[in-house]
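Notes for the structure review
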Amino acid sequence: MKWNLRMVAAQRDLWRPTEVLAAFRQVGFNPSLSKVAALWGGTPVTVRLEDLDMMCAALGCTVADLLQAEPLAGSHAVPEEGERTADGTELPSGPVRPVPGSRRGSGPRSLPPS
């Protein structure tokens, strides 16, 4: 997730954490200045839903404005239609799902120990 507090605040002509804190206090959200500065300067690990709701009310934005989904680092792209493997076989389009019964190993599944 990308944290966009600074961008959303800038669109509302709020350029400093103290100005954002004043906007928060107008809607009854009273975090400390150090908490606002931490939200301003970096991406929070967690945000309470009540706090997020109050931030959105103060800034006149939505949660989608403050948080933007990004692709996961190291995630693999879904192959495009017509892509081929190194040996020339065509890759299936769409999500790949396991085929029932195609486990590694052979024979029926063993019973758990009793």
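Further up the page is the structure itself.
Quick look at the structure, then. (Residues numbered from 1 in each chain as written. Predicted model: local features only at pLDDT ≥ 70, side-chain atom pairs only at ≥ 80, totals over all residues. Heavy atoms only, no water.)

Observations concerning the overall build of the protein chain
- Within the protein chain, the secondary structure is distributed over five helices and two strands.
- Mapped from its N terminus to its C terminus, the protein chain presents α and β elements in the order β-α-α-α-α-α-β.
- A buried classification covers 20% of the 114 residues belonging to the protein chain.
- For the protein chain, the computed accessible surface area is about 9,000 Å², with 55% contributed by carbon and sulfur atoms. (Helix = DSSP H or I, 4+ residues; strand = E, 2+ residues; numbered from the N terminus. Buried < 20%, exposed > 50% of the residue type's maximum accessible area, 1.4 Å probe, protein only. Areas by Shrake-Rupley, 256 points an atom, 1.4 Å probe, with all protein chains shown as cover.)

Overview of the pattern of salt bridges
- In total, this model carries two salt bridges according to the counting rule given.
- The salt bridge partner of Asp51 is Lys35, with a shortest N-O separation of 3.2 Å. Linking Asp51 in helix H4 (residues 49–59) with Lys35 in helix H3 (residues 33–41), this pair joins segments that are 16 residues apart in sequence.
- Note on Lys35: relative accessible area 36%, which makes it partly exposed. (Salt bridge = Lys/Arg side-chain N within 4 Å of Asp/Glu carboxyl O.)

Topic: the side chain of Asn4
- The topology assignment puts Asn4 in the loop between strand S1 (2–3) and helix H1 (5–11).
- You can call Asn4 buried: its relative accessible area is 9%.
- Not counting residues up to four positions away in its chain, the partners in contact with Asn4 are Asp65, Leu66 and Gln68. (Contact = heavy atoms within 4.5 Å.)

Regarding the packing of aromatic side chains
- Scanning the model with the defined rule gives one aromatic pair in all.
- Relative to Phe29, the ring of Phe24 lies with its centre 5.1 Å away and its plane at 55 degrees, an arrangement referred to as tilted.
- Residue Phe24 is classed as buried on the basis of its relative accessible area of 0%. (Phe/Tyr/Trp six-rings, centres within 6.5 Å; stacked < 30°, edge-to-face > 60°.)

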